[in-house]
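Given next are the chains, with one letter for each unit.
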Amino acid sequence: MKLAKSYFADERKDDLKELGKGLQRSDVPGHVTGKTSYFADRTFPGMLYLKMVRSPHDHARIRSVDLSEAEKHPGVHRILTHKDIPHNLYTILILIQVGPEDEHVLAEDKVRWKGEAVVAVLADSERAANEAAAKVKIDYEVLPSVLDIESALAPGAPVVNEHHGQNFYMYDSGASRKVRFGDVEKGFAEADHILEQTYWSSPIEQAPMETTGCIVAPEGNDRFTCYTNTQAMFFTLDNTSIILQMPGHKLHMVGGTVGGGFGGKVDVTVEPIAILAAKLTGRPVSFIYSRHEEMQISSPRAAEKIVLKDGVMKDGRIVARQVWGYTDAGAYSRHSPYGAQKGAAHYPGPYTIPNVWVDTFCVYTNRTPSSAMRGFGVTIADFALEVQMDKLARLIGMDPLEFRFVNAYRDGDMKAHRQETTGAALIECMQEASRVANWPVAEKYLKMSSYKES
Amino acid sequence: MAKVPVQFTLNGEEKAEFVDSGATLIKVLRDKLGDTSPKGGCNQGTCGSCSVIIDGELKLSCLTLAETCNGVEILTNGGLAKDGVLHPLQRSFIDEFAAQCGFCTSGMIMAAKALLDRNPNPSREDVVDALSGNICRCTGYEPIIRAVLTAARSNSQNAA
Amino acid sequence: MPLALKTCSTIAEAGAALKDGGARYIGGGTLVVRAANEGDVSLSTYVRSTDPVLSAIKVEAGRATLGASVTMSSIARHPDLSAIAGAAKAVGGPAIRNMATVGGNLFAPAPYGDFAVALLALDATVHTTTGDFGIEDFLAGRDGKVVASVSFDVPSAEKFRFAKISRTKPKGVSVLSIGAVLEPDANGKVKSARIALGCMADRPIRARAAEKALAGATLREEDVAPAVAAVGEGVQPITDAIASAWYRAEVLPVHFRRLLLE
């Protein structure tokens, strides 16, 4: 690897000494000797296993729950229902005033996705917990469901969550997060070509090698130690404190090593119920997702639908860009209103376009609630944007790399969401890419700069 | 629950335990014997994180019943380093950045060891085949393949 | 109730133990222990047999007999079975192959059971505690049977072909698998063929229309076309997380054609 020190040479000091050197990872000796400690690398005498009973339906009303047979099953200590939960509302981002309290920890009168947690069986072996779970009798009234963005937004669609009243999140700005910059209609009218395309993505599962889970040990003084693989330790601590109405100093979260997260372990779905179980039984509790739960139940990256409409000139300038971005939050909000918001700030991409109109929507469907995954809220947007850029270049007969040079943002340009561009380096990256990939571009593009007059 | 006696050698040490009937080997290794190096990534036999070597053969401890292990010799990654001296595979995994989250690592090293014990001079294709039962979500596999080939080369250099 | 393991010294004993409700025969455990791990509470007793006849491999006068407990890796490395080693190597990854057995593969539901597909192409005989069965008959009525061994004539390498199609390689669950034994006549044309398909029904099946169409044909592209067109006749492929029935039916002729022309 070589350091291209000529770039931005007049913008920074040349005092970087560590780059380009191999450096042993501090954790890898533990990994290769099997000494690294993951949350599940412990057991406690008398530990109970939590088996979650989950909805088999996409959308249903719960008519009744009969635990009588299950509770009698040998080895069962307790079965938790929503009635056991001090504050049965789950909102991952409540602490930063983002996201509605539209989800329960354990379902009360309705289930809104296949896999939603209803009751938690606690038994002294996994086998006993599984057997008892099979004896839990829940009477469901199946309701119509919507399983994709378009069905959810169609007129007359069944409402996923009465908390919202419609199948999209209502921001303070209305049904979408908005960016309004310049006059797109004027831009489209002046453009030589218009291109409108729709892009789709499916939910993507992070699929870490280690499944989500925690093991909780009561300390005997109303304090609980929770060994967890959460990626979001303070989310976990604070949300658990609110859900269980316990002061933070009663909760000792131990984490650190995560067997792969990729955004899939930020949802705080196991710790509150496991700690409550430890509190109510007085026993250590293990709640670890099976591989099936990890793949099907844990939150994936949201499915998205993105419509891009561009007005482009023959000479390569994009003069107007309009974006409709739809995020499939699944049945509940979790991080998705924030993800859709991130998308709004991310469009129209690293390009300076004089007229921009963006609406991003957080849509509810009866699917597994989605959440973060690498590049949360922006990765799929980039897929759509860059494919669109290639299509636009083809449309006007221009080289796709040169097309991006023409539109690249530079320091001082005003972005559509009214932040001035600073520290841009797209042009320099593309120049290097042109060289390294042996994809030649016209000389004038090799002379461009993100921050110098050229 | 009925308890069944099981006796086997683990990383050269004699072990004897009373285990729950029907218990899988991974549970006995991790919860009873304190060897947490085999990892329960799937409990289905599809990910390879639980790989161990039993009587010289690579096996999946999540699908092996502990009671079928009487009298066998079991090797795990946790017992591979002797007196603090790393096995060449462990050394090469460090040097080649072949681990990130580390969860698949013990299984990978076992699969690699099973290969090198049989075939000390594997081709790249041999390595890929030997690791085909082990999933990694972090490294993209290339550093792991490189690490196994590096360990094989260093073994043959030392033997020469 | 907790799980239990019953180890029987003879296969007859194992057969008797299987009469208990909740009892299931375990070979390598790749499917049965998996089911218990995943919460199948209908299974309460694992039954296995250590009868030595089960782990024997015999190849005599061109005929092979494999005990039901013989593993895929033992087959793959046996010097007299190299002609069919590819089919054994297609099962799972290295650790699975050290555990997965012939017997287990015969009972494995689609999309598993790739080696059973090969055995069907080989027209194997299945020796059970309640008599010997041609493999096609056996597959049509597997329930309750206890397998001691399978036997088949070992083909020469050129006569046996096998392909396993999976989304991930080198190890992955089957989209489909195809086993073929092609007998040539004196002129190098196909005298007779046995074609076995996996994942095309609830059990491995023979592609009889394709077999008929191959009789008298060379293995040139134009000549195999009728067989390729007929290979999907009567199939009812499964739909699962790996592939839909539609997809399996679409790609079957493609992979069959490639197998014939290789």
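Residues numbered from 1 in each chain as written. Chains lettered and ligands numbered in written order. Predicted model: local features only at pLDDT ≥ 70, side-chain atom pairs only at ≥ 80, totals over all residues.

Peer 1: Which residues make up the overall build of chain A, and what are the values?
Peer 2: Broken down by element type, chain A carries 13 helices and 15 strands. Out of the 454 residues belonging to chain A, those deemed buried represent 47%. Intrachain contacts of chain A at a sequence separation of at least 6 include 77% that bridge at least 24 residues. (Helix = DSSP H or I, 4+ residues; strand = E, 2+ residues; numbered from the N terminus. Buried ≥ 20, exposed ≤ 12 C-beta atoms within 10 Å, placed from the backbone. Contact = placed C-beta atoms within 7 Å.)

Peer 1: How would you sum up the interface of chain C and chain B? Please name residues and give values.
Peer 2: Taken together, the 20 residues of chain C in the interface contact 27 residues of chain B. For the side of chain C that touches chain B, the secondary-structure elements that each account for two or more residues are β1 (4-8), α2 (32-37) and α5 (94-99) of chain C. Looking at the side of chain C that touches chain B element by element, the count peaks at 5 residues for α5 of chain C. Of the residues belonging to the side of chain C that touches chain B, the class tally is 11 nonpolar, 6 polar and 3 charged. (Nonpolar A, V, L, I, M, F, W, Y, C, P; charged D, E, K, R; others polar.)

Peer 1: Now, about the domain arrangement of chain C: what can you tell me, with residues and values included?
Peer 2: In terms of domain boundaries, chain C breaks down into domain 1 (4-49), domain 2 (52-153) and domain 3 (157-261). Placing a centre on the C-alpha atoms of domain 1 of chain C and another on those of domain 3 of chain C gives a separation of 34 Å. (Domains from an automatic or database assignment.)

Peer 1: I'd love a proper account of the domain arrangement of chain A, names of residues and values included.
Peer 2: All names here are of chain A. As far as domains go, chain A holds domain 1 (48-143 + 210-296) and domain 2 (177-203 + 300-446). On the side of domain 2, 17 residues touch domain 1, which itself brings 18 residues to the contact. Partitioned by chemical class, the residues of the side of domain 1 that touches domain 2 number 7 nonpolar, 6 polar and 5 charged.

Peer 1: Kindly report on the sheet that holds strand β11 (residues 251-254) of chain A, identifying the contributing residues and their values.
Peer 2: In a beta sheet, neighbouring strands are held together by backbone hydrogen bonds and run either parallel or antiparallel to one another. Residue and element names in this part refer to chain A. The sheet built from 7 strands is open, its strands ordered β3-β5-β1-β12-β9-β10-β11 with mixed pairing. Among the strands making up the open sheet, the edge pair consists of β3 (76-80) and β11. Strand-to-strand twist in this sheet, taken as the mean axis angle between neighbours without regard to direction, amounts to 20 degrees. (Pairing = 2+ DSSP bridges. Axes fitted to C-alpha atoms, helices over the stretch in contact; angles between N-to-C directions.)

Peer 1: Report on the sheet that holds strand β13 (residues 303-312) of chain A, specifying residues and quantitative values.
Peer 2: Residue and element names in this part refer to chain A. The mixed open sheet is built from 5 strands, whose spatial order is β7-β15-β14-β13-β8. Looking at strand neighbours, the two that pair on one side only are β7 (177-181) and β8 (193-201), the edges of this open sheet. Neighbour to neighbour, the strand axes of the sheet diverge by 10 degrees on average, direction disregarded. Across 9 bridges, strand β14 (residues 318-330) lies against strand β15 (residues 356-364) in parallel orientation. Considered in β15, the bridge of Y326 is made with F361.

Peer 1: Break down helix α7 (residues 271-281) of chain A for me, with residues and values.
Peer 2: All names here are of chain A. Taking burial as the measure, the 11 residues of α7 include 8 buried ones, the bulk of the element. Among the residues of α7, those classed as buried are E271, P272, I273, A274, I275, L276, A277 and A278. Among the residues trailing α7, G282 stands out with phi positive, at a value near 75 degrees.

Peer 1: Mind laying out the packing of helix α10 (residues 221-230) of chain C against helix α11 (residues 245-261) of chain C, listing which residues take part and the relevant values?
Peer 2: All names here are of chain C. Where α10 contacts α11, the axes come no closer than 10 Å and their chain directions differ by 145 degrees. Both α10 and α11 take part in a crossing whose hand is right-handed. Between α10 and α11, the residues in contact are E221, V224, V228 and A229 and P253, F256, R257, L260 and L261, respectively. For the contact of α10 with α11, the residue count by class is 7 nonpolar, no polar and 2 charged. (Left-handed = near helix turned anticlockwise from the far one by under 90°.)

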